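# Working through the structure, step by step
Residue strings, one per chain:
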Amino acid sequence: MMKTISRMMMTAVLLLVALTVYGQDKHSETYIRQRIATIYQGVGKSTYDADGNRVDYIQSPFNRDSAYCSQQYYALMKQALDICDKTDDVLFDYDHWVCGQDFSDDWSCKVAKVYNVTDSTALVDLVIHNFSDNETTIALRFERGDWYVDDFSPTDDGEDDKAYFRRIISEYDTKNREH
């Protein structure tokens, strides 16, 4: 009798844990806000690696782009970075994670709005405080079982980071075909 009750209690606990862990609606505004908070936690002068270990960003840069960006965004950025290395051009003159070149001691990020959520995409308006408040938007892509940044500053006119990367790649390819 005691074993039966014990097994039933264990089964109930396991079921509760499974529902808590696996029953999350990853497409809910609450979850997306939580995911953004996780991604941006400590981005200023330090960050956390994919295993949750704190990394001093200044001493040992952790590649936030590969950990927290969509595969397509990261592949395009990497291709554009490789081209800029060959041409001695600068891809970014600022850190797109913190909206600036430098980090203020009171750097912070807060989600203002989550919207246009579909099965695979969402938009998030952020207020990033870095010396002053900067309003920005990020596009998210749902892949590999979670949300990843798919673009920084996406716009309706297509003048976003991914368009910038594609332009660099296209211009480089065109220039090298001519020679």
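Here, every reference points to the structure presented above.
Predicted model, so just to flag it, every value in this text is computed and none were measured. (Residues numbered from 1 in each chain as written. Predicted model: local features only at pLDDT ≥ 70, side-chain atom pairs only at ≥ 80, totals over all residues. Heavy atoms only, no water.)

### Things to note about the nonpolar core
How we decide: By nonpolar core is meant a set of buried Ala, Val, Leu, Ile, Met, Phe, Trp, Tyr and Cys residues that side-chain atoms within 4.5 Å join together. Only protein chains enter the accessibility calculation, which uses a 1.4 Å probe; a residue whose area is less than 20% of its type maximum is buried, one above 50% is exposed, and one in between is partly exposed. Put simply, DSSP H or I for four residues or longer makes a helix, DSSP E for two residues or longer makes a strand, and each gets a number counted from the N terminus. Here, residues are in contact when the closest pair of their heavy atoms is within 4.5 Å.
The biggest cluster of nonpolar side chains holds 34 residues, and the ones touching the most others in it are Ile 36, Tyr 40, Trp 97, Val 124, Ile 138 and Leu 140. Counting only elements with at least two residues in this core, the list comes to helix H2 (29-40), helix H3 (64-68), helix H4 (71-87), strand S3 (108-115), strand S4 (121-130), strand S5 (132-143), strand S6 (146-152) and helix H5 (161-178). Of all the elements, H4 adds the most residues to this core, at six residues. With residues up to four places along the chain from it excluded, the contact list for Val 124 reads Ile 32, Ile 36, Val 111, Lys 113, Val 114, Tyr 115, Thr 136, Thr 137, Ile 138 and Leu 140.

### What to know about the packing of aromatic side chains
Put simply, the test is: Only Phe, Tyr and Trp rings take part, Trp by its six-membered ring, and two of them pair if their centres are within 6.5 Å. Stacked means planes under 30 degrees apart, edge-to-face means over 60, and tilted covers everything else. Note on criteria: charge over ring means Lys NZ or Arg CZ within 6 Å of the ring centre, with the direction from the centre no more than 35 degrees off the ring normal.
Taken as a whole and assessed by the stated rule, the structure comprises 10 aromatic pairs. Pairing Phe 142 with Trp 147 gives two aromatic rings, centres 5.2 Å apart and planes at 65°, and the pair type is edge-to-face. What links up through ring pairs into an aromatic cluster is the set Tyr 40, Tyr 68, Tyr 73, Phe 92, Tyr 94, Trp 97, Trp 107, Phe 152, Tyr 164 and Phe 165. A cation sits over an aromatic face here: Arg 35 above Tyr 148, 4.9 Å from the ring centre.

### Regarding the state of the cysteines
By definition, a disulfide links two cysteine residues through a covalent bond between their sulfur atoms. Note the cut-off: Here, the term disulfide refers to a pair of cysteine sulfur atoms separated by no more than 2.5 Å.
Overall, the coordinates contain zero disulfides when judged by the stated rule. Here Cys 109 is not cross-linked by a disulfide; its sulfur's nearest cysteine counterpart is in Cys 99, at 8.3 Å. The exposure class assigned to Cys 109 is partly exposed, which follows from its relative accessible area of 24%.

### Focus on the packing of H4 against H5
In helix packing, the relevant descriptors are the interaxial angle and the interaxial distance, both defined with respect to the helix axes. So the rule is basically this: Note on geometry: axes are C-alpha line fits, over the in-contact stretch for helices, and angles between N-to-C directions span 0 to 180 degrees. Orientation is classified from the angle alone, with under 35 degrees giving roughly parallel, over 145 giving roughly antiparallel, 65 to 115 giving roughly perpendicular, and any other angle giving oblique. For any pair of crossing helices, the crossing counts as left-handed if the nearer helix is rotated counterclockwise from the farther one by less than a right angle, and right-handed if it is rotated clockwise. By the convention adopted, Pro, Cys, Tyr, Trp, Phe, Met, Ile, Leu, Val and Ala count as nonpolar, Lys, Arg, Asp and Glu as charged, and the other residues, Gly among them, as polar.
In contact at an axis separation of 9 Å, H4 and H5 are set at 45° when each is read in the N-to-C sense. When the axis of H4 is compared with that of H5, the two are oblique. Regarding H4 and H5, the two cross each other, and that crossing is left-handed. Seen from H4, the contacting residues are Gln 72, Tyr 73, Leu 76, Met 77, Gln 79, Ala 80, Ile 83, Cys 84, Lys 86 and Thr 87; seen from H5, they are Asp 161, Lys 162, Phe 165, Arg 166, Ile 168, Ile 169 and Tyr 172. Split by residue class, the contact of H4 with H5 holds 10 nonpolar, three polar and four charged.

### Some details on H5
For the record, the criterion: Each residue after the first adds 1.5 Å to the expected span of a helix.
With 18 residues, H5 extends 26 Å between its outermost C-alpha atoms, agreeing within 8% with the 26 Å of an ideal straight helix rising 1.5 Å per residue. Residues of H5 that are buried: Asp 161, Lys 162, Ala 163, Phe 165, Ile 168 and Ile 169.

### Side note on the pairing of S5
Short version of the rule: DSSP bridges decide pairing: two strands pair if at least two such bridges lie between them.
Pairing of S4 with S5, which is carried by 10 bridges, proceeds in the antiparallel orientation. Looking at the pairing, Ala 122 lines up with Leu 140 of S5. Between S4 and S5, which pair antiparallel one after the other, the connecting turn spans one residue, and Phe 131 there sits at a positive phi close to 75°. Taken together, the six bridges between S5 and S6 define a ladder with antiparallel strand orientation. Bridge pairing links Phe 142 to Trp 147 in S6.

### Some details on the environment of Tyr 115
Note the cut-off: Any pair of nitrogen or oxygen atoms within 3.5 Å is treated as a polar contact; in protein, a donor-acceptor pairing is required on top of that, and neighbouring residues in sequence qualify only through side-chain atoms on both sides.
Counting through the fold element by element, Tyr 115 comes out in strand S3. Here the alpha-carbon distance between Tyr 115 and Glu 29, two residues 86 residues apart in the chain, equals 8.0 Å. Beyond its immediate stretch of four places on either side in the chain, Tyr 115 contacts Ala 122, Leu 123, Val 124, Asp 125 and Thr 137. Within the structure, the side chain of Tyr 115 is placed 2.9 Å from the side chain of Asp 125, a separation counted as a polar contact.

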